[in-house]
Amino acid sequence: MTKKLFALLITLTICSTSSLFADWVVPASSLPQKSRALIRRIYPNAQIWKVERDGRKFEVELSNGASIDFLLNGNWLNIDGGWNGVPMSVLPQAIANTVRRTYPQARMIDVEKEWGNYKIKLNNMMELYIAANGQLMGQQWDD
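Residues numbered from 1 in each chain as written. Predicted model: local features only at pLDDT ≥ 70, side-chain atom pairs only at ≥ 80, totals over all residues. Heavy atoms only, no water.

Draft legend 1. Region of interest: the pattern of salt bridges. Enumeration over the complete set of coordinates arrives at five salt bridges. A salt bridge links Glu 59 to Lys 57; the shortest N-O distance between them is 3.9 Å. Here Lys 57 falls in the buried class, since its relative accessible area comes to 18%. Between Glu 127 and Lys 121 there is a salt bridge whose closest N-O contact spans 3.9 Å. Exposure remark for Lys 121: the relative accessible area of 23% places this residue in the partly exposed category. Salt bridges linked by common partners bring Lys 57, Glu 59 and Asp 69 together as one network. (Salt bridge = Lys/Arg side-chain N within 4 Å of Asp/Glu carboxyl O. Buried < 20%, exposed > 50% of the residue type's maximum accessible area, 1.4 Å probe, protein only.)

Draft legend 2. Up close: the nonpolar core. Leu 91 and Ile 120 are the most contacted members of the largest nonpolar core, which totals 31 residues. Sequence-distant contacts of Ile 120, that is, excluding residues within four places in its chain, are made with Leu 91, Ile 95, Val 99, Met 108, Asp 110, Val 111, Met 126, Glu 127, Leu 128 and Ile 130. (Core = buried A, V, L, I, M, F, W, Y, C linked by side-chain atoms within 4.5 Å. Contact = heavy atoms within 4.5 Å.)

Draft legend 3. Up close: the side chain of Thr 98. Inspection of the secondary structure puts Thr 98 in helix α3 (residues 93–102). Judged by its relative accessible area of 3%, Thr 98 falls in the buried class. For Thr 98, the contacting residues outside a window of four places in its chain are Ile 130, Gly 134 and Leu 136. (Helix = DSSP H or I, 4+ residues; strand = E, 2+ residues; numbered from the N terminus.)

Draft legend 4. A look at the pairing of strand β2 (residues 48–53). With two bridges joining them, strand β1 (residues 24–25) and β2 adopt antiparallel strand pairing. Across the sheet, the residue bridging to Trp 24 is Arg 53, located in β2. Direction of pairing for β2 relative to strand β3 (residues 57–62): antiparallel, over a ladder of five bridges. Its bridge partner lying in β3, Glu 52 is registered against Glu 59. Joining the antiparallel neighbours β2 and β3 is a turn of three residues. (Pairing = 2+ DSSP bridges.)

Draft legend 5. Quick look at unusual backbone geometry. Despite not being glycine, Trp 115 shows a phi value in the positive range, around 55°. Relative to the helices and strands, Trp 115 resides in the loop between β6 (108–114) and β7 (117–122). Phi at Met 125 takes a positive value of approximately 75°, unusual for a residue other than glycine. Looking at where Met 125 falls in the secondary structure, it is placed in the loop between β7 and β8 (126–130).

Draft legend 6. Representation of helix α2 (residues 33–42). Buried within α2 we find Ser 35, Leu 38, Ile 39 and Ile 42. Seen end-on, α2 carries its buried residues on one side only, within an arc spanning 100°. (Arc of directions from axis to C-beta.)

Draft legend 7. Quick peek at the packing of aromatic side chains. Scanning the model with the defined rule gives one aromatic pair in all. Residues Trp 76 and Tyr 118 carry aromatic rings whose centres are separated by 6.3 Å and whose planes lie at 50° to one another, so their mutual orientation is tilted. Highlighted residues: Trp 76 in strand β5 (residues 76–80) and Tyr 118 in strand β7, separated in sequence by 42 residues. Just as Trp 76 is buried, Tyr 118 falls in that class too. Note that Lys 113 overlies the ring of Trp 76, its terminal NZ or CZ placed 4.3 Å from the centroid. (Phe/Tyr/Trp six-rings, centres within 6.5 Å; stacked < 30°, edge-to-face > 60°. Lys NZ or Arg CZ within 6 Å of the ring centre and 35° of its normal.)

Below you can see the structure in the form of C-alpha cells.
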C-alpha cells in the first residue's frame, strides 16, 4: 500500500511540474497593447493566428508566416519573418543603417535581441552581430 501511494505521489508531482512549464494557447487580446501595436505597425496586413504563453513570454504566429516572441511587458525578443522577411522599421536607426551599409541587397529574415545587442540573419546566409550603438561586432555564415 505504501509503495502504491508513493508511486501515485511521484506521478502527480511529475504531471503537475510538466504542466507548470507548458505553453498555454491564449486569446490575442491577452497580448500587451505594445505587442499588438508592433504587429500592426510592421505587418499591417497580417492576422494573429495563434498566441501561446509560457511563464516568461508570449509566442505569436501570424497569418503571413512570421512569428514573434514577446516578453510579458510587450517588448519583442525575436522576430522570424518567415518568407516575408523582417522590416527594417523594427530596428533602431543605428542598427538598420549598419545592416543596409553592410549588405545593401540582402533582406533580414530573423532578428534576435541578445543582451542589448542584435543578432540578424540575412537571406544571403550571413549572420550579423551588431551592438546597440550600431557597431558591427562580427559576422559569420549561417549554418
